Amino acid sequence: MAGWMWLRCVLGPHLQRIHRSPDHSQPEGRAGRRGWNYKPGSLEKHTDSILGWASVLWSLSYYSSPLLLCYLYRKGYICSSKLVPVSQYVGTVLVCLLGVACLRGWGRWKNSEYLQFMSILEETKKNHTPENKKKLRCYNFDFSSWPSDFSWTEVSNPKLSKAGVSLLKPEPRLRGAADSVLNSVRTLPCHIISFLIAHSFGRRMLYPGSVGLLQKAMRPMLQQGQARLIEEFDGQRNKLVACDGNEIDTMFVDRRRDGGQSGKTLVICCEGNAGFYEVGCMNTPLEGGYSVLGWNHPGFEGSTGVPFPQNEANAMDVVIQFAIHKLGFHLSDIVVYAWSIGGFTASWAAMSYPEIQSLVLDASFDDLLPLALKVMPDSWSPLVQHTVRQYMNLNNAEQLIKFQGPVLLIRRTRDEIITTTGPEDIMSNRGNNLLLKLLQFRLPCVMPAYSCFVASVYSGYEVDDDWCASVLQSYQAERDVLFPWSVGEDMTLEGRRQLALFLARKYMRNFETTHCTPLPASEFHSPWRL
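Predicted model only: the values in this text are computed from it and were never measured. (Residues numbered from 1 in each chain as written. Predicted model: local features only at pLDDT ≥ 70, side-chain atom pairs only at ≥ 80, totals over all residues. Heavy atoms only, no water.)

Here the focus is the pattern of salt bridges. Tallying each qualifying case throughout the model produces 18 salt bridges. Note that D249 is salt-bridged to R237, the shortest N-O span being 2.9 Å. Of the two residues, D249 sits in strand 6 (residues 247-253) while R237 sits in strand 5 (residues 236-241), which places them 12 residues apart along the sequence. Residue class for R237 comes out buried when judged on its relative accessible area of 4%. Residues R389 and D367 are paired through a salt bridge, measuring 2.6 Å at the closest nitrogen-oxygen approach. Taken as a pair, R389 in helix 14 (residues 381-391) and D367 in the loop between strand 10 (358-362) and helix 13 (368-375) lie far apart in primary sequence, 22 residues in all. Note on R389: relative accessible area 24%, which makes it partly exposed. (Salt bridge = Lys/Arg side-chain N within 4 Å of Asp/Glu carboxyl O. Helix = DSSP H or I, 4+ residues; strand = E, 2+ residues; numbered from the N terminus. Buried < 20%, exposed > 50% of the residue type's maximum accessible area, 1.4 Å probe, protein only.)

Turning to helix 14, its buried residues number three or more, namely V384, H386, T387 and V388. Tucked inside the fold, the buried residues of helix 14 contact helix 8 (188-206) and helix 13. (Contact = heavy atoms within 4.5 Å.)

Looking now at unusual backbone geometry. P484 follows F483 through a cis peptide bond whose omega is 5 degrees. If you check the backbone angles, E301 has positive phi at about 50 degrees while not being a glycine. Here E301 shows up in the loop between strand 8 (291-295) and helix 11 (309-325).

Here we come to the layout of surface pockets. Here the largest pocket is characterised by a volume of approximately 1,500 Å³. As for the largest pocket, its lining consists of 46 residues, and the residues nearest its centre are H14, Q16, D142, K216 and R219. For the lining of the largest pocket, the secondary structure elements donating two or more residues are strand 1 (15-19), helix 2 (42-63), helix 4 (80-109), strand 3 (139-141), helix 8 and helix 9 (212-233). When residues of the lining of the largest pocket are assigned to their parent elements, the largest contribution, 12 residues, is made by helix 2. Considering only residue class, the lining of the largest pocket consists of 16 nonpolar, 18 polar and 12 charged. (1 Å grid on protein atoms, 1.4 Å probe; cavity = no way out; pocket = protein on both sides within 12 Å on 5 of 7 lines; lining within 4 Å. Points joined across faces, edges and corners; volume = space filled by probe spheres on them. Nonpolar A, V, L, I, M, F, W, Y, C, P; charged D, E, K, R; others polar.)

This next bit is on the sheet that holds strand 4 (residues 150-151). The strand order across the open sheet formed by 9 strands is 4-5-6-8-7-9-10-11-12, and the pairing between neighbours is mixed. Only two strands of the sheet have a single partner each, and these edge strands are strand 4 and strand 12 (508-511). Relative to strand 10, strand 9 (residues 334-339) runs parallel, the two sharing 5 bridges. Pairing of W339 across the sheet is with D362, part of strand 10. Contacts from helix 11 reach strand 4, strand 5, strand 6, strand 7 (266-270), strand 8 and strand 9, with the element oriented near 150 degrees to strand 8. Its contacts with the sheet put helix 19 (residues 493-507) on strand 11 (407-412) and strand 12, and the angle it makes with strand 12 is roughly 60 degrees. (Pairing = 2+ DSSP bridges. Axes fitted to C-alpha atoms, helices over the stretch in contact; angles between N-to-C directions.)

Structure representation (structure tokens):
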């Protein structure tokens, strides 16, 4: 029995922090603290440090392997006479590391706190009852060992899960059969290069938060943020299994029992390309008193997989299904809030679940391609376009116009990330294009002549708000139809200009700051409703 427990300690997860259950009184010496960092013994601490450095060196070797292999090949080290001694050295190192892992397991076995944690973890895996889950939530450990709390297959047909949820695809060009085959052969090198770019540095440039070394550097901050959510806001961490098999790390803060109206609304937060729910935009609706559900992109912190568009949409889908079927919210209670690149999954959710209450997009863009072209050499333009459209097609505007509900866009006036020239040129902010494409779809008769004017800083032009609201309300009452509306087709030039500026002000709010500044709760508003 003791040998079996030691083996489980060898293979067990890292234990980082112990959260006190709110139901228990505070032990002596820890007054005023609801949790404390796990204190490993000397043996566990030093062996864990050795294994940690080995992991870092492996990560560095992995990311630098193309350059390293080229260097070794040029020096003549890649040959049988050289590889045999190297393989012996590598084998020796692996045996030593295995011994270090066994010593770490011995150190854990001698630690009463770790043994208690392992007992609770094993019991929860056998019997996933609410009581056991509550005990397990008092520990912060490697999320890969966390038992699953919800799976997409619980509410959907497992036979359909492998295909994933539906995405908007670029329309194929019409070609003859012979021409299509010839074109496929001619463009095969481009397809191969695009695939290699997308699956190597391209994906990591687009989502730097998925890089393991960055996560290691940020881990203390992420653990501190997670402890705050659990200990101050009574947050509940859950593991969701998406239809592609990826495990999604989520955090839920329930404010419904507080009795406020805001607490009955669930805000689902979609983070940026280097954002994590532990330290990201989840804090904004929390300060506003809302119930909040945050989640990490595939490949970010506890979530598994890679953040390609299909995986992103699959993750968003299981998050919404979890909110409905496990947390007990109706779609009409859900607000989807996104910052930056999170606008892709947020706009997908609005398109796929049109019954949601509203959508708030902060510092988001209409399409990834113009931003990708901005940072790459001009000579690469055809390759960049092909790579984005085939593998990283973040077509936010195309998804957004499928949504009929209330929308609020927040534009950062000094945004340095989603502008195609510079932060001082607000006209190049791609948030403008997102607004224009939305309004051009919803009110096509009003918008064509005034797109540039609406995208500019429009605060100096007087608008009769009462007249504009009455015109739109009358149209809605008489017809009660979905967008697009034909309102404005018989109006004068001045009338359409008034409506265009009125709508721009209602759909978009300016926030005088840069891209990465956290949004204050005072700037988080419910979108305008007619």
